[in-house]
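Structural characterization, general
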Amino acid sequence: MQYLYIFIGGALGTFIRYLLSFLNTNDGFPSGTFIANIIGAFFMGLLGSLAIRYFRNNPLLKKGMTSGFLGALTTFSTFQFELVGILQQQAYVLFITYALLSYIIGIFVCYIGVKMGAHLS
């Protein structure tokens, strides 16, 4: 049964990720991946904090949301591949900007999600 929850969550995450890919512009900044990863970081922090209390009685829903939905929505491999592509184009400022913004903002919003989850529970 857990596979069904992960499958459904993964399908929804993949679909949203696909829609976000249309936000990419010609300036080279991969906006779709950036937004997907930032949203995912926030919700992983939030759900991680809420999991102890709210998902104890429904672990299948937690699996579907974290491993399925957020796992499909966010992608470290695409992020790394885009960084390599930017580096190959010798767009060093864009490379540093994208990497630093992704890491710093991702950690920050995950932290906010953890704090919000702790407050809500």
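Analysis parameters
- Residues numbered from 1 in each chain as written.
- Predicted model: local features only at pLDDT ≥ 70, side-chain atom pairs only at ≥ 80, totals over all residues.
- Heavy atoms only, no water.
- Patch = residues over 30% accessible without salt bridge, like charges linked within 9 Å, V, L, I, M, F, W, Y side chains within 5 Å.
- Areas by Shrake-Rupley, 256 points an atom, 1.4 Å probe, with all protein chains shown as cover.
- Salt bridge = Lys/Arg side-chain N within 4 Å of Asp/Glu carboxyl O.
- Helix = DSSP H or I, 4+ residues; strand = E, 2+ residues; numbered from the N terminus.
- 1 Å grid on protein atoms, 1.4 Å probe; cavity = no way out; pocket = protein on both sides within 12 Å on 5 of 7 lines; lining within 4 Å.
- Points joined across faces, edges and corners; volume = space filled by probe spheres on them.
- Nonpolar A, V, L, I, M, F, W, Y, C, P; charged D, E, K, R; others polar.
- Core = buried A, V, L, I, M, F, W, Y, C linked by side-chain atoms within 4.5 Å.
- Buried < 20%, exposed > 50% of the residue type's maximum accessible area, 1.4 Å probe, protein only.

1. Quick word on a nonpolar patch on the surface
Among the surface-exposed residues, Met1, Leu4, Tyr5, Phe7, Ile8, Leu12 and Leu61 lie close enough to one another that they form a single nonpolar patch of about 700 Å² accessible area. Considering each element in turn, the nonpolar patch owes the most residues, 5 residues, to helix α1 (residues 2–20). Among the secondary structure elements, isoleucine 8 is positioned in helix α1.

2. Details of the layout of surface pockets
As a volume, the largest pocket reaches approximately 290 Å³. Along the wall of the largest pocket there are 16 residues; nearest its centre are Asn37, Ala41, Phe76, Ser102 and Gly106. Those elements giving two or more residues to the lining of the largest pocket turn out to be α2 (31–54), α4 (76–88) and α5 (92–120). Among the elements that take part in the lining of the largest pocket, α2 stands out by supplying 6 residues, more than any other. By residue class, the composition of the lining of the largest pocket is 10 nonpolar, 6 polar and no charged.

3. With respect to the nonpolar core
Ranked by size, the top nonpolar core spans 21 residues in total, and within it Phe29, Phe34, Phe55, Leu73, Leu83, Tyr98 and Val109 carry the most contacts. Listing elements by their share of this core, those giving two or more residues are α2, α3 (59–73), α4 and α5.

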